[in-house]
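# Chain and residue survey
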Amino acid sequence: MKLLLKLAWRNIFRNKRRTIIAGIAIGIGLTSLIYVDALFVGMKVSIIKEATASFLGQGQIHRDGYRETQEVDKTINDIDKLVNKLKNDNRIDKFTLRTFSLGMVNSPSNVRPMMLVGIDSEEEKYLSRIDDAILKGSFFKGNNQRDIIIGKKFAEILEVGVGDRIVITVSQAKTEEFSQEMFKVSGIFYFNNPEFDKGIAFIRINKAQKMLNIGNRAHEIALKFKNIDKKNIDKLSFWKEYSQDGNEALSWMKLLPQLKIVFEMTNLSIFIIGLILFAVIALVIINSLFMSIFERMFEFGVLKAVGTGAFNIAKLIILESSSLAILSIGMGIIGGFILTYIYSKTGIDYTGIEMMGVTIQNILYPVIQIRQFITYPIIVFFLTSIIGIYPAIYAAKMSPSEAMRKSL
Amino acid sequence: MNQNEFVIITDSLKKNYKENGIEVKAVRGVNLKIKKREFSAIVGPSGSGKTTLLNLISGLDIPDDGKIWLNNKLLSEMSGKELSDFRRDHIGFIFQAYNLIPVLTVKENIEYIMLLQGVEKKERHKKVLNILREVGLEGMETRVPTKLSGGQQQRVAIARAMVSNPSLILADEPTANLDSKTSGELLNMMRRLNETTGMTFLFSTHDKMIMEKARRVITLKDGLIEKDEIKD
C-alpha cells in the first residue's frame, strides 16, 4: 500500500501541467462551493436579522386567533400577569407591547386606509428599527400624545410633511363606535419595505389604547431573548410555557413560515450548484485519469506482467485519483478561504432587495464556517476517489499483452 | 523422460490474432521443451511469432489451442490471480525498452516485485544491494531511471527480473536498444548469472550476438519451429 501510495503520488506529477490544470479546475469548483455556501449563510443571517430586528422581534405573544382575524377585541389575556412573568423571566432580554387597528387617515388632500400601531416609544427602540429609519423629524421626542410617525411613501400619498396634521379614525373594541383623533406628523421613516412605508402609522401605545378603548391591554408582545441558539429557537420550552390562558407564543420561524421555505430553497440551490460543480469535476477527473492511463498503457502491461494483480492496479488508479483530490482540495480550501474572507470583510451590496417580504437593508457579508472547509472537501475527496473507480476498473481489466500491444 | 527437468513445455500451441481486421496466424502449433538452466534464444524474422510465443509462455496471452506447462504447472488451469501470482514468483521479464517505472528510484524499481511478494524490508534491502553489485550498479540505488544510460537501465531491468530468484527469465529483444559493446557486456553478465544462479534464460531476438552466446537457438518461421539447434 505504501509503495502504491508513493507511486500514485509521484505518477500524478509526471504530467505536471495536466495535473495542475485538473487540480485548479477541481479547486475552483470547491472554492465556488465554499463561497456560495458562505454567501447563503450570510444571506440567511442577514434575512433573519432583518426579519427579527426590523420589527418582528425573535418571538411574539398574541391572543389565540388574533393573527387570523386581527379583531381589535382580541387583546392578550391576563396581560398584567404576563408582563410580570416576562419581567421576571431571565431568558428575556427585552419585550414591548403593541396595539394594532385598521383605520382611515385623512389629510387635507387625501383619505387612505391604514394600520395604526400603538407602541411603547422607549421599549420599542430595543425591538425594532423604527427609530433608526427616521428620515425627517424625530422618534417620539417629548411627551406629546398627538405625535404620529408615518412612512415616507405614505407621507407622499397624503401630501403631508413633519408638523402637518392628519386625522385618524378607528373603531373601538366591543362597541365598534368610531374614535377620531387629530395627530401631528412628528417623524417620517423609510424602511424600504412597501408594506411599512405606504400604510402604517405609529402612535404612543397609551393613546392607541385610549382610542381603541382597550384599557391597558395590547394585541401583541414582541420579545427578544438574551442568548439563544437561533437555529433551535423553536425548540425552546418558552413557547409552551407562554402559550397558556388563551394566548399563543410563537417564534419568528412560526410567524414567518415563508422564511423556512426561503432557507429550504437556498439549501436546494446549494445542492443543485454542488451537483453541477461535481459533475464538471467528475468529467475533469475522468478525462485526466483516462489520458494518463492511455499514455501509460505499456507501463500497466509491464506492471501486470511482473505480477501486479488487477486489484493493485485498480488501487493504484484510485490512489492517483485521491492524490489529485488532495492536491485540488488544498487549492480549493486556500482559494475558498481567501475569496470568502475578502468578501466577508468587504461585503456585497444587496440593499433594497426584498426576499419573501424581508427587505435586505444592510450589506450582505458571507459567513465563514468551519463546516464549509470540512464537509465540502470531504465530499470532493470521496467523490473524486469514487470517480476514479471507473478508470480503475478499465485499467484493472486490461490484458497485459493487449496493453503492451496497444501502446506500440 | 523426466518432466521435472523442464521449465517450459508447450504442446501444439496455436494463437491467432486480428490486426487491422485481418486474421494473423502468429503461432501455428509449437511444440517446445526448455530445460532448467538453459540459455536459449528464439530467433526469426519480424512477424515469425517470437513475441507472441513468449507472451503465451509467460501467460500474458491465452492460446487458442494447445497447452503450456511452466514448472510442471498447466497454465490453462490457473485463474487470473493465480497466473498473476505465478508470474510474480516464477518469471522475470526483461523488455526491449527496459520499462522501468520512471517515478521510482533504482532501488524501488528492483524491490517492487519483492514488495508485491511481501518480503521483509531488511531482506529486500539486502537482496537489492546484492543484485546491484551483481549487475555492476553499486551506489546507484537512489537514482531515477531517467538519469541512467540505456545500458544502466537495462541492468536495472535485469536486476528487477532476477532479484526474487525466479526459475525463468524471459527477455524480449533485450539488446535491441543498446550498442554492441553494452550488449556484449550485458550478455556476458546474463550468461554468468545463468551459470551461477541456475536460472533459465529464454530470449526472443534478432541480435546475432545473442544467437552466438545462446547455447540453444530455436528458429521460428511463420509461427512454426523451423530449426532447433543445440550447441555443444
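Residues numbered from 1 in each chain as written. Chains lettered and ligands numbered in written order. Predicted model: local features only at pLDDT ≥ 70, side-chain atom pairs only at ≥ 80, totals over all residues. Heavy atoms only, no water.

### Thoughts on a nonpolar patch on the surface
Residue and element names in this part refer to chain A. Taken together, the side chains of Ile334, Phe337, Ile338, Leu339, Tyr341, Ile342 and Tyr343 make up a nonpolar region of the molecular surface, amounting to roughly 630 Å² of accessible area. Within the fold, Tyr343 resides in helix H13 (residues 310-346). Residue Tyr343 is classed as partly exposed on the basis of its relative accessible area of 32%. (Patch = residues over 30% accessible without salt bridge, like charges linked within 9 Å, V, L, I, M, F, W, Y side chains within 5 Å. Areas by Shrake-Rupley, 256 points an atom, 1.4 Å probe, with all protein chains shown as cover. Salt bridge = Lys/Arg side-chain N within 4 Å of Asp/Glu carboxyl O. Helix = DSSP H or I, 4+ residues; strand = E, 2+ residues; numbered from the N terminus. Buried < 20%, exposed > 50% of the residue type's maximum accessible area, 1.4 Å probe, protein only.)

### Quick look at the environment of Lys227 of chain B
Residues and elements named next belong to chain B. Looking at the element boundaries, Lys227 is found in strand E10 (residues 224-230). Among the residues examined, Lys227 registers a relative accessible area of 49% and is labelled partly exposed. Sequence separation between Lys227 and Gly44 is 183 residues, and the spatial gap between their C-alpha atoms is 9.9 Å.

### Some remarks on helix H12 (residues 297-305) of chain A
In an α-helix, one turn spans 3.6 residues; hence positions three or four apart end up facing the same way. All names here are of chain A. A large share of H12 lies buried, amounting to 9 of its 9 residues. Where H12 is concerned, the buried positions are Met297, Phe298, Glu299, Phe300, Gly301, Val302, Leu303, Lys304 and Ala305. At the exit of H12 stands Gly307, carrying a positive phi of roughly 110°.

### Observations concerning the sheet that holds strand E1 (residues 6-19) of chain B
Residue and element names in this part refer to chain B. Pairing within the open sheet is antiparallel, and its 4 strands lie in the order E2-E1-E4-E5. Strand pairing shows two members of the sheet lacking a second neighbour, strand E2 (22-35) and strand E5 (73-74), which therefore form its edges. Pairing of E1 with E2, which is carried by 11 bridges, proceeds in the antiparallel orientation. The partner of Ile8 across the bridge, within E2, is Ile34. (Pairing = 2+ DSSP bridges.)

### Brief notes about a positive patch on the surface
On the surface, Arg112, Lys136, Lys152, Lys153 and Lys198 of chain A cluster together into a positively charged patch. Counting through the fold element by element, Lys198 of chain A comes out in helix H7 (residues 194-199). (Lys, Arg positive; Asp, Glu negative; His and termini not counted. Charge placed at Lys NZ, Arg CZ, Asp CG, Glu CD.)

### Observations regarding the side chain of Glu320 of chain A
Locating Glu320 of chain A in the fold gives a position in helix H13. A polar atom in the side chain of Glu320 of chain A sits 2.6 Å from the side chain of Arg296 of chain A. (Polar contact = N/O pair within 3.5 Å; in protein donor to acceptor, adjacent residues only side chain to side chain.)

### Let's talk about the environment of Ala41 of chain B
Residues and elements named next belong to chain B. Relative to the assigned elements, Ala41 resides in strand E3 (residues 39-43). Residue Ala41 is classed as buried on the basis of its relative accessible area, which comes to 0%. In the structure, Ala41 is positioned 164 residues away from Thr205 in sequence and 6.8 Å away in space, judged by C-alpha atoms. Apart from residues lying up to four places away in sequence, Ala41 is in contact with Phe203, Thr205, Ile210, Ala214, Arg216, Val217 and Ile218. (Contact = heavy atoms within 4.5 Å.)

### Let's talk about the domain arrangement of chain A
Many structure descriptions define interface size as the accessible area lost when the parts assemble. Taken domain by domain, chain A consists of domain 1 (2-51 + 259-406) and domain 2 (59-227). Here the C-alpha centroids of domain 1 of chain A and domain 2 of chain A sit 53 Å apart. (Domains from an automatic or database assignment.)

### Topic: the pattern of salt bridges
Scanning the model with the defined rule gives 32 salt bridges over all chains in all. The partner of Arg204 of chain A in a salt bridge is Asp147 of chain A, with the nearest N and O atoms 3.6 Å apart. Separated by 57 residues along the polypeptide, Arg204 of chain A in strand E8 (residues 200-204) and Asp147 of chain A in strand E5 (residues 147-151) bring together distant segments of the chain. An identical accessibility class is assigned to Arg204 of chain A and Asp147 of chain A; each is buried. Look at the salt bridges and you will find they share partners, linking Lys81, Asp85, Arg88 and Asp89 of chain B into a network.

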